[in-house]
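Here is how the chains run, residue by residue.
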Amino acid sequence: MRKTLFQSIVEGSLTEPRPAADEAALAEVAASLERSARRKLGRSLSIRAVDAGSCNGCELEMHALSNSFYDLERFGLRFVASPRHADVLMVTGPVTKNMREALERTYQATPDPKWVVAVGDCALDGGMFAGGYACVGGVSAVIPVDLHIHGCPPNPVQLLKGLLALLEGSNASRK
Ligand code: SF4
């Protein structure tokens, strides 16, 4: 223990420094998203995350949107616990056979108008899991998809830009 303490004092922290983010660019994307949501929906955007069978890499990036660094709730973006309160379903992973019915039921429980965003390369076509015995395929093999965000995994800024593109390209309104 003493040796470990001494080592940590001499060598310093081994924790990687946080990535240098362009705070101004991040704030601009998030603020645009908030403005767009208010214009289209009359309120902030509610998102239900659905893990349809991912490795959790995509979830880590989505969770990062809520951490103290990105803190997206300050711009009105929020994750909700129920699909009945959601505008957007963000679906990750290849859809597994076990999750197929749950994904279909979640989609049916989400009120119209609704959008589905497939997050990550696996959500497009199954990715590295395509053809596996437990894999149905991409999200669009089960429910209609409005937008696909590439990446393995996509980072939080890519996720925000995807959501913004979704709102800007949509004619739907819930006002
Ligand atoms: S896209 Fe990559 S990070 Fe996301 S579920 Fe697939 S393998 Fe995991």
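Note that this is a predicted model, so its numbers are computed, not measured.

Turning our attention to a nonpolar patch on the surface. Taken together, the side chains of F6, I9 and V10 make up a nonpolar region of the molecular surface, amounting to roughly 370 Å² of accessible area. Look at V10 and you get exposed, because its relative accessible area is 58%.

On to the pattern of salt bridges, then. One pass over the structure, following the stated rule, counts 3 salt bridges. With its nearest N and O atoms 3.7 Å apart, the salt bridge here joins K114 to D112. Assessed through its relative accessible area of 62%, D112 is described here as exposed.

Before going further, it helps to examine the site of the ligand. Around the ligand sit S54, C55, G57, C58, G120, D121, C122, M128, G151, C152 and P153, and that is every residue in its neighbourhood. Of the residues that constitute the shell around the ligand, the class distribution is 6 nonpolar, 4 polar and 1 charged.

Nonpolar side chains tend to gather and get buried jointly when the protein is soluble and globular. Judged by nonpolar contacts, the single largest core of 29 residues is most densely connected at L45, V88, M90, V117 and L163. Secondary-structure elements contributing two or more residues to this core are helix 2 (23–41), helix 3 (57–64), strand 3 (88–92), strand 5 (115–119), strand 7 (147–149) and helix 6 (156–168). When near neighbours in sequence (up to four residues on either side) are disregarded, L45 contacts L33, A37, G76, L77, R78, D87, V88, L163 and L167. The next biggest cluster of nonpolar side chains, apart from the first, holds 12 residues, and it includes A52, V91, A118 and V139.

Each α-helix turn comprises 3.6 residues. Residues three or four places apart therefore point the same way. Between its first and last C-alpha, helix 2 extends 26 Å over 19 residues, near the 27 Å set by a 1.5 Å rise per residue. Among the residues of helix 2, L26, V29, A30, S32, L33, E34, S36, A37, K40 and L41 are the ones counted as buried. In this fold, the buried residues of helix 2 make contact with strand 5 and helix 6. G42, located one to two residues past helix 2, shows a positive phi value of around 80°.

This part covers the packing of aromatic side chains. Per the counting criterion, the structure on display carries 1 aromatic pair. With a centroid separation of 4.8 Å and an interplanar angle of 85°, the aromatic rings of F69 and Y70 are classed as edge-to-face. Cation over ring: K114 sits above Y107, and NZ or CZ is 4.0 Å from the ring centre.

In this section: the sheet that holds strand 1 (residues 46–51). Note on sheets: strands pair through backbone hydrogen bonds, and any given pair is parallel or antiparallel. Pairing is parallel across the open sheet formed by 5 strands, whose spatial order is 2-1-3-5-7. For this open sheet the edge positions go to strand 2 (78–79) and strand 7, each flanked by a neighbour on one side alone. For strand 1 and strand 3, the ladder comprises 5 bridges, and the chain directions are parallel. Looking across to strand 3, one finds that V50 is bridged to V91. In this fold helix 4 (residues 100–109) packs onto strand 1, strand 3 and strand 5, with an angle of close to 165° to the strand it touches most, strand 3. Against the sheet, helix 6 contacts strand 1, strand 3, strand 5 and strand 7, and its axis sits at roughly 165° relative to strand 7.

Calculation notes
Residues numbered from 1 in each chain as written. Predicted model: local features only at pLDDT ≥ 70, side-chain atom pairs only at ≥ 80, totals over all residues. Heavy atoms only, no water. Patch = residues over 30% accessible without salt bridge, like charges linked within 9 Å, V, L, I, M, F, W, Y side chains within 5 Å. Areas by Shrake-Rupley, 256 points an atom, 1.4 Å probe, with all protein chains shown as cover. Salt bridge = Lys/Arg side-chain N within 4 Å of Asp/Glu carboxyl O. Buried < 20%, exposed > 50% of the residue type's maximum accessible area, 1.4 Å probe, protein only. Near = heavy atom within 4 Å. Nonpolar A, V, L, I, M, F, W, Y, C, P; charged D, E, K, R; others polar. Core = buried A, V, L, I, M, F, W, Y, C linked by side-chain atoms within 4.5 Å. Helix = DSSP H or I, 4+ residues; strand = E, 2+ residues; numbered from the N terminus. Contact = heavy atoms within 4.5 Å. Expected span 1.5 Å × (residues − 1). Phe/Tyr/Trp six-rings, centres within 6.5 Å; stacked < 30°, edge-to-face > 60°. Lys NZ or Arg CZ within 6 Å of the ring centre and 35° of its normal. Pairing = 2+ DSSP bridges. Axes fitted to C-alpha atoms, helices over the stretch in contact; angles between N-to-C directions.

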